[in-house]
Structure formats: C-alpha cells, structure tokens
Amino acid sequence: MGYNDAEDIKNDDLKYLNLLSLRYPTIDEAATEIINLQAILNLPKGTEHFLTDMHGENEPFDHVLRNASGVIKGEIERIWGNSLSSSDKKSLATLIYYPKRKIELILSREENIEDWYKITLYRLIEICRSFSSKYTRSKVRKAMPKNFTYILDELLNTDIKKADKCEYYKEIINTIISIDRAKEFIIAISNLIQRLAIDRLHIIGDIFDRGPGADKIMDIVLDYHAVDIQWGNHDILWMGAASGSDVCIANALRICARYCNLDTAEDAYGINILPLATFAMEFYKSDGCAQFMPKTCCEGEYDGKELRLIAQMHKAITIIQFKLEYQIIKRHPEFQMDDRLLLDKIDFESHTIELSGKRYPLADKEFPTVDPKDPYALTREESELLEKLRFSFTKSEKLQKHIRFLLSKGGLYLICNSNLLFHGCIPMDDDGNFRKFQFNGGEYSGRKYLDYLDMQVKKGFFNGRNTQERQDGLDLMWYLWCGSHSPLFGKDKMATFETYFIKDRACCRENKDPYYRYREEEAVCRGILSEFGLDPDTSHIINGHVPVETKNGENPIKANGKLISIDGGFSKSYQRVTGIAGYTLISDSYGLMLVSHEPFKSTEAAIEEETDIHSSNEVLERAESRIMVKDTDVGADIQSQIKELRELLSAYKKGLIKEQIKSSSTAS
C-alpha cells in the first residue's frame, strides 16, 4: 500500500482502509494508536522461556513456571541483596510461587499477622513493579485480576518518594489490611508477578509419555497467557489416538501399561480400560507374561496379582498393535517399513525368529491370539475390543479439548524471533542432504516435507468424514510416532518387537537419523536455517527429543552456537543419562541464557520446607545493545500496523475517507 494522491489509490487498498477506519473512526483515534504503537517499539523485548520433554512430569514443570526458572529468585536477590536475610528471601520467593497454600501455613504460625501483611505487601509491590517495568501500563493492567485492577495500577505507578503521594500509598496498604483483603491481594499480586516474569512460553514437544501428569501439564498450558507447542513424537501419538487411530490407541495404551501409567488413560481422561482387562484375563489367564511386567516405577504401588493383570493387558495390546501396524505398512509402501513386520517371521514350532539371516530364540513363546497361518488377522474379540477403545478415546471430552489445543497452538516447527524450533530432526541422508520422501505423487524434503506433514495431521483430526484423506492423515500420525526417519522420531526403526521377544540386545539397536551427526557442524545448521528463511548469522536452532548426556561431558551448545539442544531430563528416567533434571533456555532483552535444573523434591517440600529447584545459569549470548520490541517479530507486525495507520491518517486528511465523528447529542 502507499500513494501520494487520490489517483494513486487502488480499490483494494481503499477497501482495506475503510475496514480499518471502523476500528479507528477518527483522526484522533488513529493518531493516538500510532503514538502508542511507536512507544511500544522502544520497550525491551519480553522474556521467552523454552522448555521441552516433560514426559508427563507435571510437578517440576509447574514449579519451573512458578519460579520462572529461577528468574524470580534472582530478582529478589538483585533488589534486596544483603539487606534481607536468606530465610526472608526464601520465604518471599515461596510465597510468590505458591501464594494460596503458603499463606495458609503462615496464618497458622504467625503471631503478629498485621505487621507481616504490611511488610510483605510492600515487598511484593516492589518486586511486581520491577517485573512490570518492561511492559506498557496497558498490558500490565490487562494481566491484572479484575477485582484488584484499580488498586494494583495505583500502587505500581505511584511515586512514594513524593511527599504528597506517600500518605496516599500507605493508606491503600492499611485499608487492604483493615478490611481483611490482604490474603486475596497477596494471591493476586503473586500471580501477577508469575505472569509478568515470563512473557511467552515455548514447549518443544513431548508433554505426554510415562510420567503421571500429562493431563495436568495440558491443564496448565491451556490457561497460560502466551504459549506455543512444537509437537513431539509422544504428543502426536496421543493426537492420533484421540483422532480415532486404532494403532495409535494401541501404542498409547501399551506405553501406559509398560510404565504403570494406566491412570492417565483411565482416571485423567476417562478411558474405559475394563474391556482390555477383561480381554487380557480371558486370553492370557495362563500366561505369566514375564516379559511384559511393568517397569520398576510400580514397586510398592500394586500387589503381585495387580501387576500380573497389568502385564497381561500390556501383552494383549502389544500383539494387537503389531497386527494393526501390518495394515498401515501394507497400505503405505512409501513408508518403507516392511522390516517392522515380524509376526510372520516367527517359527511357532521351534519358537524362534529369523532376522537378517540369523535365527534367535524367542524370550516369550505364548501367542494365544495369533494364527500361525494368518498372523496379522485380528480375532473377532480383538476387533470388538478396538471398537470399544476407539469409542472411549474419541468421546473423552477432556482428551478432545487437550488435543484440539495442541492442534490450535502447535505444529511441527515454529519460526519465532530468529529462532527455529522443532522437537526432533530435519531428516537427512548419509551425505548430509535433506532426505527426499514420496507421498501421494509428490516429492518432499526439508521445510516442504514438514509443511506437508503438518497439513496432513490436521486433516486427519478435523476431517470428520470417513474419507481416504482422513485415513491418510491418521496413518501419518502413526508414521510420525515411529516411522523410519520421521522428523519427530528420528531413527531408522522402533524396535518394539525385539525389545519384548529377543534377549540379544544388539537386535534392539535403533540408529539415529544422520541429522544428529550433522547437527554438530555449523555449515549444516546454517543450511537448515536458510532452508527455513532465516538469517544464519543471527539465528539459532532450538531442539529437544534427545537427552543431552551432560554427565558424560556432552555440550548442549552445538555447531559453534547455531544449535541449542535443551532436553536436560525433566523425565526422571532420563536423569541418570543427563545428570541434571532439565534445561530452560531463556531469551530476554539482554541475550540468551541456559538454565540447568537439579531434581525437584516435591510440591509439598517446596511449600512447607521452602526448598526450591537449584538452578545454574550460563550466559550463551550477550546482545551488543539491549534488544527492543522493534527488533522482534511482534515489532515487525507493529511497524506494519503503524504504516497502515499512517496511510489511514493520510486518507482522512485528503478526504478519501470521512471521519465518523459522533455528535454531542449522540455521545450523551
């Protein structure tokens, strides 16, 4: 858009400016918005936090958001330093993290509660003022709870150093206490501090998996003020299951059983697993299912009889999974996954299997639902079971709500503020070139490949009719979960059968995509950034999925700083590999900082004992000059809005568009 006189204007431009004038109907309103937006451009950029691979560990995830990965504690230290005791600083931090529960404890112990209220309110206002300083007054006001908006706005923006304002300020504090609203006010301002400490949250995949609280994580992010999610392979599995993919349902339940996490399906999402239990008890009643006993995380939670039932369910759904995978692999030869069809390679008489020319004894010899003559055929009972499970998954209101949120706020990758975010990999061949894939007559690689898969996933979920397009979308969700060189899985195979049935661990080896070798090279990472339209000199790749073996000396910073791998082991099962308990990457107006976390004890300990996650900070990149809003993607959008508003202003002044000025009688 752009013109110098009436003859230069295009019809489409005029139509757009007329639409814009509905929002800004006068010169004054358009000019005021230009001034406002121009001022916003010169504020410091908001703080972004990047987290990945929670794998259902909701408690440490929740705590890291509450303490802003140690940022709140750091700000308390910066403001008060040695003027506050360490115990006072710990108490203040804990109050901010868990205001509702912490204040109940304090009320039961504190003798002079009015003095405590007064001191605490002053401190909370001071720290809230510090965090609010990088935002516009309007944005802070919108973040405030409605019942305290006026009071908070006054307290945060009153200069108490001026004598005529000091008494006014004190009287507000005294009145809050005297009318018994201090407790509610403390909760409100503590939540506001948490809100202002993180301007935007990026989750780089794998909310779901073996941990007990994937649904609780989803509840948190569902209400979060600004969040985006790059799907992980475990997320896409549950997305496929919620969409009605039988094979994704089988895989999801198999993992739940394997890690004693059936509560996620049954209690969190209301999935009726009784049909699976009944089926397993009938067909595997004489089978010890030793290879399918759940992992040791179940110790002390279940008795022997319950563990055996879980093992029977585990085996039953695993065999069904193998049969269902056959159907997809045969439907899609382009997946190139025939090597995953192993039931027909079993010699049921000798109880052996031949793989790559070598014969192996089977660790488990019982296959009561497998017909040796037609090993991939589902029995009538298995088909009936799948119908019941599919109904439960597709009709679970909570699961559908969570998955729709993943689809609306998520994707396979995101480009944001010169960062390229994706969970797994950009598939490559052995020469370091983008691997080429054939789907539906088209060839895809690099960014084009991820765009195609992203679109197909959404078709699989939102296309309610039983069409070929919908089926292809559902099948691709399964492929993204475990397919050879899927960008989310990133390996040549998922050796599920070998893990359960062959004791030779060499058969279970899963080779990583060549991407993981080449991502160490700066030239390759620069090439990936260019592929996605980013400037390689100023941009970064931010990756999850593969735990960084910190304890063995692996550096999360790769390719001369072009790539940052931030899977530090939120999941307890990976902490023996990483040696830490998760990373947070923080991008603020001063640059990039990587925060490594130590294991989280518990929410109860955090509240009652005031234990915090101990975090270590490493500055990765220091900006030469402070990064402002004008330097961000949001800034680019604002500058575009300013340009359009200036053109509207010009159109008003030239008479091309008339102001809609209300008369005084109408206004009254």
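Above: the structure in question.
Structure report, in brief.

Parameters at a glance
- Residues numbered from 1 in each chain as written.
- Predicted model: local features only at pLDDT ≥ 70, side-chain atom pairs only at ≥ 80, totals over all residues.
- Heavy atoms only, no water.
- Helix = DSSP H or I, 4+ residues; strand = E, 2+ residues; numbered from the N terminus.
- Buried < 20%, exposed > 50% of the residue type's maximum accessible area, 1.4 Å probe, protein only.
- Contact = heavy atoms within 4.5 Å.
- Areas by Shrake-Rupley, 256 points an atom, 1.4 Å probe, with all protein chains shown as cover.
- Lys, Arg positive; Asp, Glu negative; His and termini not counted.
- Charge placed at Lys NZ, Arg CZ, Asp CG, Glu CD.
- Axes fitted to C-alpha atoms, helices over the stretch in contact; angles between N-to-C directions.
- Parallel < 35°, antiparallel > 145°, perpendicular 65-115°, else oblique.
- Nonpolar A, V, L, I, M, F, W, Y, C, P; charged D, E, K, R; others polar.
- Core = buried A, V, L, I, M, F, W, Y, C linked by side-chain atoms within 4.5 Å.
- Phe/Tyr/Trp six-rings, centres within 6.5 Å; stacked < 30°, edge-to-face > 60°.
- Lys NZ or Arg CZ within 6 Å of the ring centre and 35° of its normal.
- Pairing = 2+ DSSP bridges.
- Expected span 1.5 Å × (residues − 1).
- Polar contact = N/O pair within 3.5 Å; in protein donor to acceptor, adjacent residues only side chain to side chain.
- Salt bridge = Lys/Arg side-chain N within 4 Å of Asp/Glu carboxyl O.

### Side note on the overall build of the chain
Reasoning step 1: Along the chain, the regular secondary structure elements total 28 helices and 17 strands.
Reasoning step 2: On the principal axes, the C-alpha backbone points of the chain span a range of 95 × 80 × 55 Å.
Reasoning step 3: The buried share of the chain, reckoned over its 668 residues, is 54%.
Reasoning step 4: Counted over contacts in the chain with a minimum sequence separation of 6, partners at least 24 positions apart contribute 72%.
Reasoning step 5: Of the roughly 30,500 Å² that the chain leaves accessible, carbon and sulfur atoms contribute 47%.
Reasoning step 6: Charged side chains of the chain number 88 positive and 104 negative; the gap between the two group centres comes to 1 Å.

### What about the packing of helix α5 (residues 86-97) against helix α7 (residues 113-132)?
Reasoning step 1: Relative orientation of the contacting elements α5 and α7 amounts to 75°, with a least axis distance of 11 Å. Relative to α7, the element α5 lies roughly perpendicular. Where α5 approaches α7, its residues Asp88, Leu92, Leu95 and Ile96 are matched on the opposing element by Trp116, Thr120, Arg123, Leu124 and Ile127.
Reasoning step 2: In terms of residue class, the contact of α5 with α7 is built from 6 nonpolar, 1 polar and 2 charged.

### Brief notes about unusual backbone geometry
Reasoning step 1: At Ser356, a residue that is not glycine, the phi angle is positive and equals roughly 50°.
Reasoning step 2: Mapped onto the elements of the fold, Ser356 is located in the loop between β5 (352-355) and β6 (358-361).
Reasoning step 3: Its relative accessible area of 83% is what places Ser356 among the exposed residues.
Reasoning step 4: Even without glycine at this site, His545 takes up a positive phi of about 80°.
Reasoning step 5: For His545, the position within the fold is in the loop between β12 (540-543) and β13 (557-558).

### Examining the nonpolar core
Reasoning step 1: Ile72, Trp238, Trp478 and Tyr515 are the most contacted members of the largest nonpolar core, which totals 174 residues.
Reasoning step 2: The element contributing the most residues to this core is helix α17 (residues 304-331), with 11 residues.
Reasoning step 3: Here Ile72 is in contact with Arg66, Asn67, Ile96, Tyr97, Ile127, Phe131, Ile193, Gln194 and Ala197, once residues within four sequence places are set aside.
Reasoning step 4: Membership of the second largest hydrophobic core comes to 18 residues, among which are Leu17, Leu20, Tyr24 and Ala30.

### Let's talk about the packing of aromatic side chains
Reasoning step 1: Considering all chains together, one arrives at 28 aromatic pairs under this definition.
Reasoning step 2: With a centroid separation of 5.6 Å and an interplanar angle of 20°, the aromatic rings of Phe439 and Tyr452 are classed as stacked. Of this pair, Phe439 sits in strand β10 (residues 437-439) while Tyr452 sits in helix α20 (residues 446-462), placing them 13 residues apart in sequence. Of the two residues examined, Phe439 and Tyr452, each falls in the buried class.
Reasoning step 3: With a centroid separation of 4.7 Å and 25° between ring planes, the pair formed by Phe497 and Phe501 is classed as stacked. Here the residue Phe497 and the residue Phe501 both occupy positions in helix α22 (residues 496-501), the gap between them amounting to 4 residues, near one helical turn.
Reasoning step 4: Looking at Phe497, the relative accessible area reads 3%, which means it is buried.
Reasoning step 5: Put simply, the rings of Phe335, Phe437, Phe439, Tyr444, Tyr449, Tyr452, Trp478 and Tyr479 touch in pairs and so form one group of aromatic residues.
Reasoning step 6: We note Arg210 situated over the ring of Tyr259; from NZ or CZ to the ring centre the distance is 4.1 Å.

### Examining the pairing of β12
Reasoning step 1: Here β12 shows no split at all, with His540 and Ile542 on one side and Ile541 and Asn543 on the other all buried.
Reasoning step 2: Across 4 bridges, the pairing between strand β9 (residues 419-422) and β12 is parallel. The residue of β12 that forms the bridge with Leu420 is Ile541.
Reasoning step 3: Where β12 and strand β14 (residues 563-565) come together, 3 bridges link them in parallel fashion. For Asn543, the partnering residue across the bridge sits in β14 and is Ser565.

### Concerning the sheet that holds β9
Reasoning step 1: Read across the sheet, 5 strands follow the order β8-β9-β12-β14-β13 without closing on themselves; strand pairing throughout is mixed. For this open sheet the edge positions go to β8 (413-416) and β13, each flanked by a neighbour on one side alone.
Reasoning step 2: Direction of pairing for β8 relative to β9: antiparallel, over a ladder of 4 bridges. Note on β9: the bridge partner recorded for Ile415 is Leu420.
Reasoning step 3: Sitting on the sheet, helix α24 (residues 522-531) touches β9, β12 and β14, and the angle it makes with β12 is about 95°.

### A word on helix α2 (residues 27-40)
Reasoning step 1: Helix length check: α2, at 14 residues, gives a terminal C-alpha distance of 20 Å against a target of 20 Å (1.5 Å per residue), a fit within 8%.
Reasoning step 2: If you follow the buried residues of α2, they end up packed against α27 (633-653).

### Brief notes about the sheet that holds strand β16 (residues 591-597)
Reasoning step 1: The 7 strands are arranged β7-β3-β2-β1-β15-β16-β17 in an open sheet whose pairing can be described as mixed. The open sheet has two edge strands with one neighbour each: β7 (410-411) and β17 (615-622).
Reasoning step 2: Taken together, the 2 bridges between strand β3 (residues 227-230) and β7 define a ladder with parallel strand orientation. Across the sheet, residue Ile229 finds its bridge partner in β7, namely Gly410.

### What about the side chain of Gln575?
Reasoning step 1: Looking at the element boundaries, Gln575 is found in helix α25 (residues 575-578).
Reasoning step 2: Polar contacts involving the side chain of Gln575 include one to the main-chain carbonyl oxygen of Gly569, which spans 3.0 Å.
Reasoning step 3: Setting aside residues no more than four positions away along its own chain, Gln575 makes contact with Gly569, Phe570, Ile580, Ala581 and Pro599.

### Describing the pattern of salt bridges
Reasoning step 1: For the structure shown, the criterion picks out 38 salt bridges.
Reasoning step 2: Where Arg200 meets Asp228, a salt bridge forms, and the shortest distance between an N and an O atom there is 2.9 Å. Placement of the pair is Arg200 in strand β2 (residues 200-203) and Asp228 in strand β3, with a sequence separation of 28 residues.
Reasoning step 3: With relative accessibility at 29%, the residue Arg200 sits in the partly exposed group.
Reasoning step 4: Each member of the salt-bridge network shares a partner with another, and the members are Asp339, Arg340, Lys493 and Glu498.

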